[in-house]
Protein chains: 2
Amino acid sequence: MKQENRPHEMGLGKMSTILDIARLAGVAKSTVSRYLNGGSVGEATKKKIEQAISETGYTPNPFAQSLKAKKTNIIGTIVPRLDSYASSQTLIGLDEQLKQMNYQMLISNTSQSLEREIESIYSLANQKMAGIILLATEITDQHIEAFENVKVPVLLIGQEHPDFHSLIHDDFHAGYEMGRYVLGKGYRKIAYLGVTERDISVGVKRKQGFKKAIQEVEDCEVRFYETLFKIPAAQASAREILQEFKPSIFVCATDNIAMGVLKASYSEGMTVPKDMGVTGFGGYDVTEIIHPGLTTAKFFYKEAGEKAARQIVELLHERPVEKVTISHFEIIERESVDNLFQRRL
Amino acid sequence: MKQENRPHEMGLGKMSTILDIARLAGVAKSTVSRYLNGGSVGEATKKKIEQAISETGYTPNPFAQSLKAKKTNIIGTIVPRLDSYASSQTLIGLDEQLKQMNYQMLISNTSQSLEREIESIYSLANQKMAGIILLATEITDQHIEAFENVKVPVLLIGQEHPDFHSLIHDDFHAGYEMGRYVLGKGYRKIAYLGVTERDISVGVKRKQGFKKAIQEVEDCEVRFYETLFKIPAAQASAREILQEFKPSIFVCATDNIAMGVLKASYSEGMTVPKDMGVTGFGGYDVTEIIHPGLTTAKFFYKEAGEKAARQIVELLHERPVEKVTISHFEIIERESVDNLFQRRL
DNA sequence: CTGAAAGCGCTTACAG
DNA sequence: CTGAAAGCGCTTACAG
């Protein structure tokens, strides 16, 4: 399969078709087709067909195949953005696993437009995708309607919804453990810098988990803030909070937000972790590169992508798949958090 | 086009075909087809067809279309990796521009395997891509052979080659200007940390430009080193160089390599830029996020992607396109480089 | 095991 | 302006 199948003679003439192969091998088209699709073919004819195929470098026309089959072996993946660590890693995991299972992946980038997401659902369905994977941020009624209309197997990644199968990260427990971690280090004056609650996973669950940890302890002063996903916005929010609240630590709902806080702290002349602690969620590469390294709850995007690939294929085959799968996480300790107890000694 | 075309009734029955539309409108299939493809259709029939289409939510089967047309309006893009700033930005630029011109983009990720690149060329051609864009790192004889065989319009991004159209970044002049910049700041003991010369753009051209700048000045001590693209490898290389050479500045062939050098300098207890300067090439987002910010030669990947999209489409239409287009760059000054002249005062 | 025929949904000359 | 027919390359019952 590695070398011999390459259409070396393609440059000479036009692409060969199944009819060419049939003629060359002296058999009927249907026999060639049967050979190609693993049907029963006699040894002798098999030989002749193989010969003809390698002579011509024949390879079936996928459009003709799909036209008959009325579907492809392509999984359409809708992704809100291409330039995020989480997206890339998830896509890589999906792609590699899908390839291994002899499926193709088609990426549809929506540039963070929910409207484009809806369009993509219809468009992918129209292109006869075998299944659709949505790297979700928000599930609206329109999403639900679209998926109902197209009737293509669907898997959500990153958000869960009662109507669909989904694979999510363990945002709640990550929030909880992060809370416990921070409290365990002695921090008691905490700014939680979150995002919109329309994003259930990032905006709600992480915060809820964190709140639970807080409730297990006494006399802890916590304030909750909301900012945007982008670094400059987070930076601006942090600057304000620094004025009005002076927290001893920022617990940020994403690594990017944490980056913004770090920038704000620099520009205010503060040193992390000496003057203030910072934590994130995500486990982006950059959290390890920077100095001080960022303490964060790392999610396993690539693995999640691989798992999702296996699940969507199960779904295609109408085999049972658990409604919601929870991918794990890990608290990574780095320099951005100090041990206040130790400091007091 | 926004709302009305959506196949709301799709959920009810099977997808409708051109024949359904024809019957509903009381005309022939060919007339519907002509309407769809902008041929001449009478006002009255046009109305009826439009009515039928919006009633059914009809949308043509792309496989049937491609089967006839023997090609698609999809541009296949081969990318060595998904998780790099340069790749993502380029893809975003390509995708957005292509969409605007009514083309689709299909991404083929090769995970840095040259062999997979070759396979992708054949596979994309087999899928009747209208054109192929290769985010190139290295052009081997196999690439040339493959492209000759498939006879599909091709555009290279990032590397040039006499056989193909290409869009490259101005690596030579970026190297030159970076050299001048560093010299202008008074640095005279320089470690140039480059990469393999098999990568012409990154490994050869940047270095050549830099060398040219060096030659314009006297009594400058420069040593050239080679490392890998990954941060840990660069970090290890930097540590060694720090022992044997003690440069006053590291000029790194990529931002990632510069990140490795920064990490090495931290772990050696050095402060940038006080004890040592560092520069990169690329202009990745991370260079702005970190502290100190990294001085770098910024390339415009997204713009380059957009430009490439326009060019490949020109190529499809067999319109003239300049053989090699050079995308610009900009030296971004940040804190990782000091002014040694000023310091002496 | 093998082949002839019909059909997937569309487009494209060719008549009219 | 409009329609009947052929054909794109493949697969799938159906006979044999």
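Residues numbered from 1 in each chain as written. Chains lettered and ligands numbered in written order. Predicted model: local features only at pLDDT ≥ 70, side-chain atom pairs only at ≥ 80, totals over all residues. Heavy atoms only, no water.

Identification of chain A as LacI family transcriptional regulator from Mesobacillus campisalis is taken from an unreviewed UniProt entry.

Caption draft 1: Local environment of the protein's contact with DNA strand C. Near DNA strand C lie 25 residues; those nearest to it are S40, K68 and K70 of chain A together with I18 and Y58 of chain B. The separation between a phosphate oxygen of DNA strand C and a polar side-chain atom of T31 of chain A is 2.8 Å. Elements with a minimum of two residues in the surface near DNA strand C: α2 (29-36) and α4 (62-69) of chain A together with α2 (29-36) and α4 (62-69) of chain B. Here the surface near DNA strand C gets 4 residues from one element, more than from any other, and that element is α4 of chain B. (Near = heavy atom within 4 Å. Polar contact = N/O pair within 3.5 Å; in protein donor to acceptor, adjacent residues only side chain to side chain. Helix = DSSP H or I, 4+ residues; strand = E, 2+ residues; numbered from the N terminus.)

Caption draft 2: Quick look at the sheet that holds strand β1 (residues 74-79) of chain A. Residues and elements named next belong to chain A. Spatially, β2-β1-β3-β4-β5-β11 is the arrangement adopted by the 6 strands of the open sheet, whose pairing is parallel. In this open sheet, the two edge strands, each paired with only one partner strand, are β2 (104-109) and β11 (324-327). With direction set aside, neighbouring strand axes in the sheet form an average angle of 20 degrees. Relative to strand β4 (residues 154-157), strand β3 (residues 131-135) is paired through 4 bridges, and the arrangement is parallel. Note that in β4 the partner of L135 across the bridge is I157. Contacting β1, β2, β3 and β4, helix α5 (residues 85-100) crosses the sheet at an angle of about 155 degrees to β2. (Pairing = 2+ DSSP bridges. Axes fitted to C-alpha atoms, helices over the stretch in contact; angles between N-to-C directions. Contact = heavy atoms within 4.5 Å.)

Caption draft 3: Summary view of the environment of F147 of chain B. All names here are of chain B. Relative to the helices and strands, F147 is located in helix α7 (residues 141-150). Using a relative accessible area of 4% as the deciding quantity, one classes F147 as buried. In the structure, F147 is positioned 10 residues away from T137 in sequence and 16 Å away in space, judged by C-alpha atoms. For F147, the residues in contact, after removing those within four places along its chain, are I121, I132, L134, V154 and F164. (Buried < 20%, exposed > 50% of the residue type's maximum accessible area, 1.4 Å probe, protein only.)

Caption draft 4: Just the protein's contact with DNA strand D, in detail. The environment of DNA strand D is formed by 25 residues, the closest being I18 and Y58 of chain A together with S40, K68 and K70 of chain B. In DNA strand D, atoms within 4 Å of the protein come from the sugar-phosphate backbone in 60% of cases. A distance of 2.2 Å separates a phosphate oxygen of DNA strand D from a polar backbone atom of I18 of chain A. A distance of 2.7 Å is found between a phosphate oxygen of DNA strand D and a side-chain nitrogen or oxygen belonging to T31 of chain B. When contributions to the surface near DNA strand D are tallied by element, the ones reaching two or more residues are α2 and α4 of chain A together with α2 and α4 of chain B. For the surface near DNA strand D, the leading source of residues is α4 of chain A, giving 4 residues. Partitioned by chemical class, the residues of the surface near DNA strand D number 9 nonpolar, 11 polar and 5 charged. (Nonpolar A, V, L, I, M, F, W, Y, C, P; charged D, E, K, R; others polar.)

Caption draft 5: Quick look at the pattern of salt bridges. Residue and element names in this part refer to chain A. By the definition in use, this model includes 28 salt bridges over all chains. A salt bridge links R180 to E216; the nearest nitrogen and oxygen atoms lie 3.9 Å apart. Of this pair, R180 sits in helix α8 (residues 171-184) while E216 sits in the loop between α9 (200-215) and β7 (221-226); the two residues are 36 residues apart in sequence, bridging distant segments of the chain. Here the salt bridges share partners, and the residues they tie into one network are E43, K46 and K47. (Salt bridge = Lys/Arg side-chain N within 4 Å of Asp/Glu carboxyl O.)

Caption draft 6: Focus on the interface of chain A and chain B. Taken together, the contact between chain A and chain B spans 54 residues of the former and 54 residues of the latter. Together, the buried faces of chain A and chain B total about 4800 Å²; carbon and sulfur atoms form 58% of this surface. Applying the counting rule to chain A against chain B returns 0 salt bridges. The tally of links between chain A and chain B comes to 12 residue pairs in polar contact (both at pLDDT 80 or more). Examining the composition of the side of chain A that touches chain B, we find that 7 residues originate from one element, α5 of chain A, more than from any other. Of the residues assigned to the side of chain A that touches chain B, the class counts are 23 nonpolar, 17 polar and 14 charged. (Buried area = accessible area lost by both parts, 1.4 Å probe.)

Caption draft 7: Inspection of the packing of helix α5 (residues 85-100) of chain B against helix α13 (residues 301-316) of chain B at higher detail. Residue and element names in this part refer to chain B. Interaxial distance between α5 and α13 falls to 7 Å at its minimum, and their mutual angle equals 45 degrees. As summarised for this structure, α5 and α13 are arranged oblique, according to the angle between their axes. Viewed along their axes, α5 and α13 form a crossing whose handedness is right-handed. In this structure, α5 contributes Y85, A86, Q89, T90, I92, G93, L94, E96, Q97 and L98 to the contact, and α13 contributes Y301, K302, G305, E306, A308, A309, R310, I312 and V313. Across the contact of α5 with α13, the residue classes break down as 10 nonpolar, 5 polar and 4 charged. (Parallel < 35°, antiparallel > 145°, perpendicular 65-115°, else oblique. Left-handed = near helix turned anticlockwise from the far one by under 90°.)

Caption draft 8: Examining the packing of aromatic side chains more closely. Residues and elements named next belong to chain A. Scanning all chains against the criterion turns up 15 aromatic pairs over all chains. Ring geometry for Y85 against Y301: centres 6.1 Å apart, planes inclined by 85 degrees, an arrangement best described as edge-to-face. Pair noted here: Y85 is in helix α5 and Y301 is in helix α13 (residues 301-316), with a separation of 216 residues, a long-range link. Each member of the pair, Y85 as well as Y301, is classed as buried. Consider the rings of Y192 and F210, whose centres lie 5.0 Å apart with planes at 35 degrees: the pair is tilted. Taken together, the residues span a long stretch of sequence, with Y192 in strand β6 (residues 189-194) and F210 in helix α9 at a distance of 18 residues. (Phe/Tyr/Trp six-rings, centres within 6.5 Å; stacked < 30°, edge-to-face > 60°.)

Caption draft 9: Representation of α13 of chain B in the model. Taking 1.5 Å of rise per residue, the 16 residues of α13 of chain B would be expected to cover 22 Å, and the 22 Å separating its terminal C-alpha atoms lies within 8% of that figure. Downstream of α13 of chain B by a residue or two, E318 of chain B has a phi angle that is positive, lying close to 55 degrees. (Expected span 1.5 Å × (residues − 1).)

Caption draft 10: The nonpolar core, seen in detail. Core analysis: the largest hydrophobic core is formed by 103 residues, its most contacted members being I190, F250 and V278 of chain A together with F250 and V278 of chain B. Apart from the residues within four sequence positions on either side, V278 of chain B is in contact with I249, F250, C252, A258, V261, L262, V272, L294, T295, S336 and V337 of chain B. Residues Y103, I107 and A309 of chain A together with L98 of chain B belong to the second largest nonpolar core, which totals 48 residues. (Core = buried A, V, L, I, M, F, W, Y, C linked by side-chain atoms within 4.5 Å.)

Caption draft 11: Seen up close, the packing of helix α10 (residues 231-244) of chain A against helix α11 (residues 255-267) of chain A. All names here are of chain A. At a minimum axis separation of 7 Å, α10 and α11 run at an interaxial angle of 50 degrees. Classed by the angle they form, the pair α10 and α11 counts as oblique. The interaxial crossing formed by α10 with α11 has right-handed handedness. Residues I231, A234, Q235, A238 and R239 of α10 lie in contact with α11, whose contacting residues are N256, I257, M259, G260, V261, K263, A264 and S267.

Caption draft 12: Spotlight on the relation of the copies chain A and chain B. Superposing chain A onto chain B takes a rotation of 180 degrees combined with a translation of 0.0 Å along the rotation axis, leaving an RMSD of 0.1 Å. The transformation just described matches what one would write down for a two-fold rotation axis. Minimal C-alpha separation from the rotation axis in chain A is found for F63 of chain A, amounting to 2.5 Å. Comparing interface residues between copies, 100% of those in chain A also sit at the interface in chain B, which points to an isologous, same-surface contact. (Least-squares fit on C-alpha atoms with pLDDT ≥ 70 in both.)

Caption draft 13: Seen up close, a negative patch on the surface. A surface patch of like charges, here negative, comprises D141, E145, E148 and D163 of chain A. Note on E148 of chain A: relative accessible area 52%, which makes it exposed. (Patch = residues over 30% accessible without salt bridge, like charges linked within 9 Å, V, L, I, M, F, W, Y side chains within 5 Å. Areas by Shrake-Rupley, 256 points an atom, 1.4 Å probe, with all protein chains shown as cover. Lys, Arg positive; Asp, Glu negative; His and termini not counted. Charge placed at Lys NZ, Arg CZ, Asp CG, Glu CD.)

Caption draft 14: Quick peek at the pairing of β11 of chain A. Residue and element names in this part refer to chain A. Where burial is concerned, the two faces of β11 differ: the one with T325 and S327 is buried and the one with V324 and I326 is not. The sheet contact formed by strand β5 (residues 165-169) and β11 spans 4 bridges and is parallel. If you follow L167 over to β11, its bridge partner there is T325.

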